[in-house]
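For reference, the chains in residue letters:
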Amino acid sequence: METISYEYEGALYVNLTNRCDCRCVFCLRHNGHKGSIYADDLWLDHEPSRQEALDDLLARDYSQYRELVFCGFGEPMYRTDDLLWLVDWLKEQVPNLPPVRINTNGHANLILGRDVTPELKGRIDTISISLNGSTAEEYCAVTKPKDGVKAWEAMLDFAKKARDYVPHVVMTIVDKDKTPEEIERCRKITQELGVTLRIRAYIED
Ligand code: SF4
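Rules and cut-offs
- Residues numbered from 1 in each chain as written.
- Predicted model: local features only at pLDDT ≥ 70, side-chain atom pairs only at ≥ 80, totals over all residues.
- Heavy atoms only, no water.
- Helix = DSSP H or I, 4+ residues; strand = E, 2+ residues; numbered from the N terminus.
- Rg over C-alpha atoms; globule rule 2.2 N^0.38 Å.
- Buried < 20%, exposed > 50% of the residue type's maximum accessible area, 1.4 Å probe, protein only.
- Lys, Arg positive; Asp, Glu negative; His and termini not counted.
- Charge placed at Lys NZ, Arg CZ, Asp CG, Glu CD.
- Pairing = 2+ DSSP bridges.
- Axes fitted to C-alpha atoms, helices over the stretch in contact; angles between N-to-C directions.
- Contact = heavy atoms within 4.5 Å.
- Expected span 1.5 Å × (residues − 1).

Caption draft 1: Structural detail: the overall build of the protein. In terms of regular secondary structure, the protein is built from 6 helices and 7 strands. Going from the N terminus to the C terminus, the protein shows its helices and strands as β-β-α-β-α-β-α-β-α-α-β-α-β. Radius of gyration (C-alpha) of the protein: 16 Å, near the 17 Å computed for a compact globule of 205 residues. Taking all 205 residues of the protein together, 50% fall into the buried category. Placing the 26 positive and 35 negative side-chain charges of the protein at their respective mean positions leaves the two points 4 Å apart.

Caption draft 2: Representation of the sheet that holds strand 1 (residues 5–8) within the structure. Strand order across the open sheet formed by 7 strands is 1-2-3-4-5-6-7, with mixed pairing between neighbours. Among the strands making up the open sheet, the edge pair consists of strand 1 and strand 7 (196–200). Each strand of the sheet is rotated relative to its neighbour by a mean of 25°, with strand direction disregarded. Where strand 2 (residues 11–14) and strand 3 (residues 67–70) come together, 4 bridges link them in parallel fashion. Looking across to strand 3, one finds that V14 is bridged to F70. Helix-sheet contacts for helix 5 (residues 149–162) involve strand 4 (100–104), strand 5 (126–130) and strand 6 (168–174), and the interaxial angle to strand 5 is about 165°.

Caption draft 3: Just the side chain of N103, in detail. With respect to the helices, strands and loops of the structure, N103 is situated in strand 4. Beyond its immediate stretch of four places on either side in the chain, N103 contacts Y13, V69, F70, C71, E75, P76 and S128.

Caption draft 4: Quick peek at helix 5. The first and last C-alpha atoms of helix 5 sit 20 Å apart over 14 residues, in line with the 20 Å expected at 1.5 Å per residue. Listing the buried residues of helix 5 in full gives A151, W152, A154, M155, L156, F158, A159 and A162. Those residues of helix 5 that are buried are in contact with strand 4, helix 3 (108–112), strand 5, helix 4 (136–143), strand 6 and helix 6 (180–193).

Have a look at this one:
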């Protein structure tokens, strides 16, 4: 049985795709075993259709969750249209829907070839973008994006644009292997973009 949604620390996480344009060194997708700490098996043999995902999500009791998070085992914004379609339906059908967050690598505009940030307005409460580095070189070494430096630039531009449409724009770094100087540079980047920096602890899997 494939896992479309799963509970983790009081939130409901949604897993819509395995696709990603990165190969982050710490990603659970390519560490040789498909399980993760979050759910038994997040690898999707087929991507759920919109309707399959909606049926799964409508079966949940939202009074239990503090947040609904699109995340999963790949980059959720590959499916931006489906994701926003789901949010629209859920907002219509679920009176107590908790705030909605997307965890993303911030490459949606590059991947999809258009600026999707205006479409997030009124639908997404928080967008959490993986910053992962304080320079293009560091970023590319850690995330190995298929488009190289262009992906770094696209991610920063996405964060800046998202600020106009999403109430909470957060950028995250993982503390492991980051020097204080690198963390300081990340802080400066987020300050200049006017977004929040969140430093996450590395999770051993
Ligand atoms: S962006 Fe996310 S899903 Fe993609 S490789 Fe990196 S950690 Fe994995």
